[in-house]
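# An overview of the molecular structure
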Amino acid sequence: QVQLVESGGGLVQPGGSLTLSCTASGFNFGLSDMSWYRQPPGKERELVAAITRSGAMIKYTDSVKGRFTISRDNVKNTVSLQMNSLKADDTAVYYCNGGYNRAFFGSWGQGTQVTVSS
């Protein structure tokens, strides 16, 4: 079965940086587009960034463009999200999933909490 394990979250000050990692198993990672989502408190989950299976195509939601970088390692079966210049509005639980335009897997991991606060 599909397993997605997010890690790397924590408490960071505004303007700081953090790198999230997602370790995947139970499916052919190298043939799967991958994405990062986030869910702020009291809000809907939203797509933050996505990357195709080869890494040839990448997209970001407007609010994180220029600040976040998505990458993947098809040997380690991981997808990462480098977050710079963090803002309070980036506070959310961050999740990974398959797919480029929409979540491919019905199950979600536990996510990792990112809190941006002074």
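It should be noted that the structure appears before, not after, this text.
Throughout what follows, the structure given in this document is the object of discussion.

What counts and how
Residues numbered from 1 in each chain as written. Predicted model: local features only at pLDDT ≥ 70, side-chain atom pairs only at ≥ 80, totals over all residues. Heavy atoms only, no water. Helix = DSSP H or I, 4+ residues; strand = E, 2+ residues; numbered from the N terminus. Rg over C-alpha atoms; globule rule 2.2 N^0.38 Å. Buried < 20%, exposed > 50% of the residue type's maximum accessible area, 1.4 Å probe, protein only. Contact = heavy atoms within 4.5 Å. Areas by Shrake-Rupley, 256 points an atom, 1.4 Å probe, with all protein chains shown as cover. Disulfide = S-S within 2.5 Å. Core = buried A, V, L, I, M, F, W, Y, C linked by side-chain atoms within 4.5 Å. Pairing = 2+ DSSP bridges.

### Focus: the overall build of the protein chain
Assigned secondary structure in the protein chain consists of zero helices and 10 strands. Helices (α) and strands (β) of the protein chain occur, in sequence order from the N terminus, as β-β-β-β-β-β-β-β-β-β. Computed over the C-alpha atoms, the radius of gyration of the protein chain is 13 Å, within 12% of the 13 Å expected from 2.2 N^0.38 for a compact globule of 118 residues. Here the C-alpha coordinates of the protein chain stretch approximately 40 × 25 × 25 Å along the principal axes. The proportion of buried residues among the 118 residues of the protein chain is 42%. Restricting to contacts in the protein chain with at least 6 residues of sequence separation, those with at least 24 account for 54%. As displayed, the protein chain offers around 6,200 Å² of accessible surface, 47% of which is attributable to carbon and sulfur atoms.

### Let's talk about the state of the cysteines
This model, assessed by the stated rule, comprises one disulfide. Here C22 is linked by a disulfide to C96, with a sulfur-sulfur distance of 1.9 Å. Residues C22 and C96 are joined by a disulfide whose S-S torsion is about 55°; by sign, that bridge is right-handed. With C22 in strand 3 (residues 18–25) and C96 in strand 9 (residues 92–98), the pair connects residues that are 74 residues apart, well separated along the chain. The buried category is assigned to C96, whose relative accessible area is 0%.

### A look at the nonpolar core
Judged by nonpolar contacts, the single largest core of 26 residues is most densely connected at W36, V79, L81, M83 and Y94. For this core, the secondary-structure elements that each account for two or more residues are strand 3, strand 4 (34–39), strand 5 (46–51), strand 7 (68–73), strand 8 (78–83), strand 9 and strand 10 (112–116). Counting residues per element, this core draws most heavily on strand 3, at four residues. Excluding residues within four positions of it along the chain, Y94 makes contact with E6, L20, W36, Y37, R38, F68, L81, M83, G111, T112 and V114.

### Thoughts on the pairing of strand 7
Residues F68, I70 and R72 point to one face of strand 7 and are all buried, whereas T69, S71 and D73, pointing to the other face, are not buried. Of the strand pairs in this sheet, strand 7 and strand 8 are connected by six bridges, and their pairing is antiparallel. Paired with T69 across the bridge in strand 8 is Q82.

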